[in-house]
Amino acid sequence: MLLGVDYYPEQWAPSMLEEDLERICQLGCNVIRVGEFAWELMEPEEGRYDFSFFDHVIARAKAKGLQVIFGTPTATPPAWLVARWPEMLSRFQDGSPRAFGGRHVCCYSSAVYREYCRRIVTKLAEHYREEEAIIAWQLDNELGHEDSDICWCDHCLSRFRQWVKDRFDGDIQRLNQRWGTVFWGQQYSDFQQIPLPAPTITTHNPALRLDWERFRAFLLRDFLKEQAQLIRRVISGARIIHDFPGGGLDKHADYAAMANVLDQAAYNNYPVWGGQKEPLPPSEIAFGLDYIRGLRRENFLITEAIMGAQGHDITGYLPRPGQGRLWSWQGMVRGCEGLLYFRYRGALTGAEQFCYGLLDPDNIPRQRFFEAQRFFREVTAYEDVLSTPVDSDVCILYDFDSLASFRIQRQSLLLDCQREMKEIHGAFFRSNQMVDVIPAGEDFSGYKVVVVPNMIVTDQKFLARLKDYVAAGGCAVVTYRTSVKDRDNNLVFGKTLPVDCGDLLGITVEGTESVQEYRSIPLRAKEGRAGTGGVFRDMLKPAEAQPLYWYDDPFYRDYAAVTVNQWGGGRAYYLGTSLDRQLLEGVLKEAMAFKGLTPLETPEGVEVVTRRREGRKVRFLLNHNDHPVSALGCRLEAFGVAMEELL
């Protein structure tokens, strides 16, 4: 089990190294992460490579029994490089270049930037090809974060045109047909006429914009893949990771596609950031962990866990004593098998002076240091069960094209696909039911309940798999605005909504409405008023399906809001609107009961996860409340964690 800290020795006096490493060992660490922002130190001038600083750091770390995760430094190219080649800077939508001084300021389409990245990564790998202390290579840092992957420069325009040309096999008429460019007279006679979807009057073609999203995702994966190939070519058996930032479902990056070029996914877990008055709800933290685990459907690393308040210019909530340890345990029980804290000591200079580490700049160990030390001491006793795969009977599917489609045409001002997924995930979380959050292209046939939320873009292949799954006895929960568009982000002529799956669901959608309130639509059941819906609604006409709830307003009382349909040996639910918490939990518990899944009831804010290994079964209880509670016969202190051996 890897336990460690993110350490930036280049930011401190060389005389401090020995004391720092000794204290890192006292903390209970066996690994440090270094190098990810130190390109200038490794190549102080063009073509002159100098790795002596990190040679010394690694030698001293090895002497103390510490292993190393080394980061390729491509997120922060040196000033001399950008000064020589300013055209490598990425550009904002208005065409102005991003200034040197931040991170990720270079364009991934720039041939010059990519060439210099290849050189430094190759030299780095060649220099350390025999270094046994380096047990993993982290590629770059948080790719796609802060919209750093979006660029509007001429390099991107040229490469986008070539990417589109390749996608359509050089057939411009095929592109015109698929994109529907006859609308507004946008037909192209040459690929060189295709624009970037920069601001224009009204908006660009949705099909063009979806391909632009795909292109941006392709660039990041290509950048990551190139670095992985360079290192593997030099170092046989190299372990390749990347540290993904949070919020992946809202980004233009395709995390799952990127994770496929890695040996293991890593995650930077920030329950608090910036000016937050309070942390993310525990269910949302869990959602992020389950999503990262689902990228490769296997255990992952946390390369940045926190103990202190965080922020660049604005800070906020300070984790309460015990809360950072609680979040660390939450990560471990949900599939993390190695954890490093960000950072060992807070920075004196630069943009992250208020990202508090385990030590403050005064270098005096206090509560955060000792809390991390306690966690490291405790967690090693459970390494066997925590290194096994997580068992989940439920999955939530997501689709990159569908998420992009809603970014392009949101339809409702309130519709946030990730929020909708979190609401559904939260209902399972409160039932203490583990959930995998996985790409729709993955095999979901082994799950008892499969949730398909807002998958507006679908195709025959996916729908055939979904029908086969339900027919074989599975239970699907499908939500509104699913199966509306084709893979080109266009509507489908001559087919009733939901396209090609009305038979599975036993309904037709006869109308839709974007509702600009969360809980404004009254719903009724057979016995009367039931609850509310909001955000959006589909007007459902049941064919074979059984209505569970109807709309209860004067004009649409004849339309169902929620239905269930028998299909072969299984069931398919359809949620025509965003349900309030009580109704949503009721429908999902009914779906769980159909497959024999029983909710585990605990007080609000108490999370329970059970992990197993041959001959051992451990139940972990996590209290996210700021006060003591009792759950399952166990008393938990505020932000407390308890472990129970069940076998």
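Reading guide: rules and limits
Residues numbered from 1 in each chain as written. Predicted model: local features only at pLDDT ≥ 70, side-chain atom pairs only at ≥ 80, totals over all residues. Heavy atoms only, no water. Helix = DSSP H or I, 4+ residues; strand = E, 2+ residues; numbered from the N terminus. Rg over C-alpha atoms; globule rule 2.2 N^0.38 Å. Buried < 20%, exposed > 50% of the residue type's maximum accessible area, 1.4 Å probe, protein only. Contact = heavy atoms within 4.5 Å. Core = buried A, V, L, I, M, F, W, Y, C linked by side-chain atoms within 4.5 Å. 1 Å grid on protein atoms, 1.4 Å probe; cavity = no way out; pocket = protein on both sides within 12 Å on 5 of 7 lines; lining within 4 Å. Points joined across faces, edges and corners; volume = space filled by probe spheres on them. Nonpolar A, V, L, I, M, F, W, Y, C, P; charged D, E, K, R; others polar. Arc of directions from axis to C-beta. Salt bridge = Lys/Arg side-chain N within 4 Å of Asp/Glu carboxyl O. Polar contact = N/O pair within 3.5 Å; in protein donor to acceptor, adjacent residues only side chain to side chain. Pairing = 2+ DSSP bridges.

Colleague: How should I be thinking about the overall build of the protein in this particular structure?
Modeller: Tallying secondary structure elements over the protein gives 18 helices and 24 strands in all. Taking 2.2 N^0.38 as the reference for a compact globule, 647 residues should give roughly 26 Å; the C-alpha atoms of the protein span a radius of gyration of 26 Å, in line with that estimate. In terms of its C-alpha atoms, the protein occupies a principal-axis envelope of roughly 75 × 70 × 40 Å. Per-residue burial for the protein yields a buried fraction of 59% across its 647 residues. Pairs at least 24 apart in sequence give 72% of the contacts found in the protein among residues at least 6 apart.

Colleague: Got a minute to help me understand the nonpolar core in this structure?
Modeller: One broad trend across soluble globular proteins is that nonpolar side chains are buried collectively. One finds Ile32, Phe70, Trp137, Leu295, Trp329, Tyr341 and Leu397 to be the most contacted residues of the largest nonpolar core, which totals 202 residues. Beyond its immediate chain neighbours, meaning those up to four positions away, Leu295 contacts Phe244, Tyr255, Ala256, Ala259, Asn260, Ala265 and Tyr398. Core analysis: the next-biggest nonpolar cluster, separate from the first, contains 9 residues, Ile135, Ala136, Ala266 and Leu340 among them.

Colleague: I'm lost on empty space enclosed by the protein in this one. Help?
Modeller: Gaps left between atoms are located by rolling a probe of water-molecule size over the structure's atoms. Enumeration over the complete set of coordinates arrives at 5 cavities of 30 Å³ or more. Taken as a whole, the largest cavity holds about 80 Å³ of empty space. Grouping the amino acids of the lining of the largest cavity by side-chain chemistry returns 5 nonpolar, 4 polar and 2 charged. Reported here for the second largest cavity is a volume of approximately 70 Å³. Forming the walls of the second largest cavity are Gly248, Leu249, Lys251, Ala253, Asp254, Tyr255, Ala256, Tyr291, Tyr398, Phe400, Leu403 and Arg407. Elements supplying a minimum of two residues to the lining of the second largest cavity: α9 (255–259) and α14 (400–408). Among the elements that line the lining of the second largest cavity, the one with the most residues is α14, at 3 residues. Residues that form the lining of the second largest cavity fall into these classes: 8 nonpolar, 1 polar and 3 charged.

Colleague: Quick question: what am I supposed to make of helix α1 (residues 17–27) here?
Modeller: In an α-helix there are 3.6 residues to a turn, and that puts residues three or four apart on one side. Those residues of α1 that sit buried are Leu17, Asp20, Leu21, Arg23, Ile24 and Leu27. All buried residues of α1 fall inside an arc of 165 degrees around its axis, so they share one side. For α1, the elements touching its buried residues are β1 (2–6), β2 (31–34), α3 (52–63) and α12 (367–379). Gly28 sits one or two residues past α1 and shows a positive phi near 110 degrees.

Colleague: When you look at the pattern of salt bridges in this model, what are you seeing that I'm missing?
Modeller: Working definition: two side chains of opposite charge can pair if their charged atoms are close together. Taken as a whole and judged by the stated rule, the model has 63 salt bridges. The closest approach of N and O atoms between Lys495 and Asp500, which form a salt bridge, is 3.1 Å. Under the relative-accessibility criterion, Lys495 is labelled partly exposed at 39%. Using a relative accessible area of 25% as the deciding quantity, one classes Asp500 as partly exposed. Members of the salt-bridge network, linked through shared partners, are Glu46, Arg84, Arg114, Glu115, Arg118, Arg119, Arg159, Asp222 and Glu226.

Colleague: Hey, could you run me through the environment of Asp500 in this one?
Modeller: With respect to the helices, strands and loops of the structure, Asp500 is situated in the loop between β12 (475–479) and α17 (502–505). Linking Asp500 and Gly308, residues 192 residues apart in sequence, is a C-alpha distance of 51 Å. If we ignore the near neighbours within four places in the chain, the residues touching Asp500 are Gln460, Leu463, Lys467 and Lys495. At 3.1 Å, the side chain of Asp500 forms a polar contact with the side chain of Lys495.

Colleague: What is the right way to look at the environment of Trp152 in this model?
Modeller: Here Trp152 lies in the loop between β4 (134–138) and α6 (154–167). On the accessibility criterion, Trp152 (14% relative accessible area) is buried. With 459 residues separating them in the primary sequence, Trp152 and Arg611 have C-alpha atoms 47 Å apart. Among all residues touching Trp152, those that are not within four sequence positions of it are Arg91, Phe92, Gln93, Leu196, Pro197, Ala198 and Trp212.

Colleague: Please clarify how the pairing of strand β5 (residues 240–244) should be interpreted in this entry.
Modeller: Successive residues of a regular strand alternate their side chains across the two faces of the sheet. Where burial is concerned, most of β5 is hidden: 5 out of the 5 residues are buried. The pairing of β4 with β5 spans 2 bridges and is parallel. Across the sheet, the residue bridging to Trp137 is Ile240, located in β5. Across 4 bridges, the pairing between β5 and strand β6 (residues 264–268) is parallel. Residue Phe244 lies in a different strand from β6, and its bridge partner there is Tyr267.

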